[in-house]
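The residues making up each chain are set out below.
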Amino acid sequence: MAEDPVMTSAQMLRALDYIEAVWALDVVAMDRLEQQGEPIRFLLADVLGLLVTSVSVAVSAAEKGLPEGHTALATALTTGVREWAESAQPDALGRGNSNPAAYRTASAGIARTIGRFLLEAVGGEPGDLTGRLQHFRTAWTD
């Protein structure tokens, strides 16, 4: 897998907030988070890389190694999402290329991908994305 990105706690929490806002269809929160700092789609791609690494470490420790093909699948997933973030085109919503929200289709799609990954790969109550995100929030704020 590629080298893990370096993120600040504020960047991680912003990305996790965005994932939650997308999941809740909270357009106001999405707008607010898209306007802060670097493009959210790049943060989300970095977050996915860190989450995949964290899950891989946990699985490897629990099962005394990773299942065959896991590393290749993880690399394909994280590389594909990174390429999606880099090649995203502005949405045709008349917002203009300089508006961070112009890339909402890519950003929200990446956020939904992360949400689905967490719901499948991290234990918890069925459908409880907020609970799964809380584990990572706690890890990044302690």
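Whatever comes next refers back to the structure up there.
Residues numbered from 1 in each chain as written. Predicted model: local features only at pLDDT ≥ 70, side-chain atom pairs only at ≥ 80, totals over all residues. Heavy atoms only, no water.

> Would you take a moment to explain the pattern of salt bridges for this structure?
When charged atoms on two side chains of opposite charge get close, those side chains can pair. Per the stated rule, a full pass over the model turns up 6 salt bridges. Where Arg104 meets Asp31, a salt bridge forms, and the shortest distance between an N and an O atom there is 2.2 Å. With Arg104 in helix 5 (residues 104–121) and Asp31 in helix 2 (residues 27–34), this residue pair connects regions lying 73 residues apart in the sequence. For Arg104, a relative accessible area of 12% gives the class buried. In this structure, Asp46 and Arg82 form a salt bridge, with 2.1 Å as the shortest nitrogen-oxygen distance. Placement of the pair is Asp46 in helix 3 (residues 40–63) and Arg82 in helix 4 (residues 70–87), with a sequence separation of 36 residues. Overall, the relative accessible area of 24% leaves Arg82 in the partly exposed class. The network of salt bridges with common partners includes Asp17, Glu20 and Arg137. (Salt bridge = Lys/Arg side-chain N within 4 Å of Asp/Glu carboxyl O. Helix = DSSP H or I, 4+ residues; strand = E, 2+ residues; numbered from the N terminus. Buried < 20%, exposed > 50% of the residue type's maximum accessible area, 1.4 Å probe, protein only.)

> I would appreciate a short explanation of helix 6 (residues 129–141) in the present structure.
Given 3.6 residues per helical turn, the α-helix brings residues three or four places apart onto the same face. With 13 residues, helix 6 extends 18 Å from end C-alpha to end C-alpha; this agrees with the ideal 18 Å at 1.5 Å per step. Taken together, the buried positions of helix 6 are occupied by Leu129, Arg132, Leu133, Phe136 and Arg137. Backbone nitrogen of Thr130 and a side-chain oxygen of the N-cap are separated by 3.5 Å at the start of helix 6; the cap is Asp128. (Expected span 1.5 Å × (residues − 1). Polar contact = N/O pair within 3.5 Å; in protein donor to acceptor, adjacent residues only side chain to side chain.)

> For this particular structure, what's the right way to read the nonpolar core?
The tendency in soluble globular proteins is for nonpolar side chains to be buried as a group. One finds Tyr18, Ile19, Leu44, Val47, Ile114 and Leu118 to be the most contacted residues of the largest nonpolar core, which totals 34 residues. Contributing elements (two or more residues each) for this core: helix 1 (9–23), helix 2, helix 3, helix 4, helix 5 and helix 6. Per-element tally for this core: the top contributor is helix 3, with 10 residues. Here Tyr18 is in contact with Met30, Leu33, Glu34, Ile40, Leu44, Arg104, Ser107, Ala108 and Ala111, once residues within four sequence places are set aside. (Core = buried A, V, L, I, M, F, W, Y, C linked by side-chain atoms within 4.5 Å. Contact = heavy atoms within 4.5 Å.)

> Honestly, unusual backbone geometry in this entry has me stumped. Any pointers?
Peptide bonds are mostly trans, and most non-glycine residues show a negative phi. Its identity as a non-glycine residue notwithstanding, Leu25 has a phi of 60°, on the positive side. Along the chain, Leu25 falls in the loop between helix 1 and helix 2. Of the residues examined, Leu25 reaches a relative accessible area of 71% and is grouped as exposed.

> Help me out: how do you make sense of the packing of helix 1 against helix 6 in this one?
Angle between the axes and distance between the axes are the two parameters that describe a pair of packed helices. For the pair helix 1 and helix 6, the least separation of the axes is 10 Å and the interaxial angle reads 170°. If you check the angle between helix 1 and helix 6, you find them roughly antiparallel. Between helix 1 and helix 6, the residues in contact are Ser9, Met12, Leu13, Leu16, Asp17, Ile19, Glu20 and Trp23 and Leu129, Thr130, Leu133, Phe136, Arg137, Trp140 and Thr141, respectively. (Axes fitted to C-alpha atoms, helices over the stretch in contact; angles between N-to-C directions. Parallel < 35°, antiparallel > 145°, perpendicular 65-115°, else oblique.)

> Help me out: how do you make sense of the environment of Thr141 in this one?
Position of Thr141 relative to the elements: it lies in helix 6. Note: C-alpha distance between Thr141 and Leu13 (128 residues apart in sequence) is 8.5 Å.

> Please clarify how helix 5 should be interpreted in this entry.
Here helix 5 spans 25 Å end to end across 18 residues, near enough to the 26 Å set by a 1.5 Å rise per residue. If you check which residues of helix 5 are buried, you get Arg104, Ala106, Ser107, Ala108, Gly109, Ile110, Ala111, Ile114, Gly115, Phe117 and Leu118.

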